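Observations on chain architecture
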Amino acid sequence: MSGVPPSAARVEDASSVLVLRPRSATVDDAGVKRALIDDPEAAGLVGISLSEQPAVWYDKWRGTLGCDPDTAAVVTTPELAGDDDEDYVTVKTVTTPSNLTRIGVKTTPFLTRWDNPIVIVESLSVLCQYADSQEVYKFLHVLTTQLRSSSGEAQVYLDPMVEDDRTVERLKGLFDSVIEYDPDEDSEDDWTVRRRRS
């Protein structure tokens, strides 16, 4: 996919977006990622990344945005954080990915101190490997509620192929918008969008 998909324009004013795409489509989601951030140079990115080193995560997002964000932080594990102190990204660690409460505690200060923070959970599928679906649901419920009462936003990425349909449908209800990768040979846009009814 090249450029910004037309579907991304339909998520305007959504404080929380669930992006459903199989792992094989991660290269194709760059346009969606970029379109969901209004002003990349002013963005405060808060990544919850439990499968990539913070520097790798940051470099990917910088490439997607086409610039450095204003500020960036990553919540990860000590193993992924390593010993490097990067001056362009603040790194916070949790002992285990299964402790979603601690992940929330590490994330909250950025949501309360930064202007317009954008929380990026990439990938939710990894969290689901370490915690049961009820714990993940509660974690996301607290996060999305907190963001709705502030000026923050959330982008949460999930591979629907590795979760059962019931879990995916339940999680959808937490978000203002759901963007789903749905390639169609007859369409120039491989993404569909569903908005929460007000």
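Scoring rules and cut-offs
Residues take numbers from 1 onward in each chain, read along the sequence in its written order. Two thresholds apply to this predicted model, a pLDDT of at least 70 for residue-level local features and 80 or more for giving and counting side-chain atom pairs, whereas whole-chain, interface and lining totals are computed over all residues. Side-chain figures throughout are based on the complete set of non-hydrogen atoms in the structure, without hydrogens or water. By this definition, two strands are paired if DSSP reports at least two bridges between them. For the purposes of this entry, the term helix denotes a DSSP run of H or I that reaches at least four residues, the term strand denotes a run of E that reaches at least two, and both are numbered from the N terminus. Axis geometry follows a simple rule: fit a line to the C-alpha atoms, using only the stretch in contact for helices, then measure angles between N-to-C directions, giving values from 0 to 180 degrees. Should any heavy atoms of two residues lie within 4.5 Å, those residues are considered in contact. Buried residues of nine kinds, namely Ala, Val, Leu, Ile, Met, Phe, Trp, Tyr and Cys, make up a nonpolar core once their side-chain atoms join them within 4.5 Å. Each residue gets one of three labels from its accessible area relative to the maximum for its type: buried under 20%, exposed over 50%, partly exposed in between, using a 1.4 Å probe on protein chains only. Seen with the strands pointing away from the viewer, any crossover whose path from the first strand over the helix to the second strand runs clockwise is right-handed.

1. So, the sheet that holds strand E8 (residues 191-195)
A sheet is described by the order of its strands in space; here eight strands give the open sequence E4-E3-E2-E5-E6-E1-E7-E8, paired in mixed fashion. For this open sheet the edge positions go to strand E4 (90-93) and E8, each flanked by a neighbour on one side alone. The sheet shows a mean angle of 15 degrees between the axes of neighbouring strands, taken without regard to direction. Together, strand E1 (16-20), strand E6 (153-158), strand E7 (177-181) and E8 form the strand contacts of helix H7 (residues 165-172), whose direction differs from that of E1 by roughly 155 degrees.

2. Overview of the nonpolar core
By size, the foremost hydrophobic cluster in this structure holds 33 residues, and its most contacted members are Ile103, Val119, Val121, Leu124, Leu127 and Leu140. The greatest single-element share of this core, amounting to five residues, is contributed by helix H6 (residues 133-148). When residues no more than four places from it in sequence are discounted, the contact partners of valine 121 are Ile48, Leu127, Leu143, Gln155, Val156 and Tyr157. Counting residues in hydrophobic clusters, the runner-up holds 23 residues, among them Val32, Leu45, Cys67 and Val89.

3. Thoughts on the pairing of strand E2 (residues 44-48)
Of all the five residues making up E2, five are buried; the element is thus mostly covered by neighbouring parts of the structure. Both faces of E2 are covered, namely the face carrying Gly44, Val46 and Ile48 and the face carrying Leu45 and Gly47. As judged from the five bridges shared by E2 and strand E3 (residues 71-76), these two strands associate in the parallel manner. From the neighbouring strand, glycine 44 faces E3, where its bridge partner is threonine 71. Crossover connection from E2 via helix H2 (residues 54-65) to parallel E3: handedness right-handed. Where E2 lies against strand E5 (residues 117-121), five bridges are found, and the strand directions are parallel. By the bridge assignment for E5, valine 46 is matched with valine 119.

The values are spatial; any link to function lies outside them.
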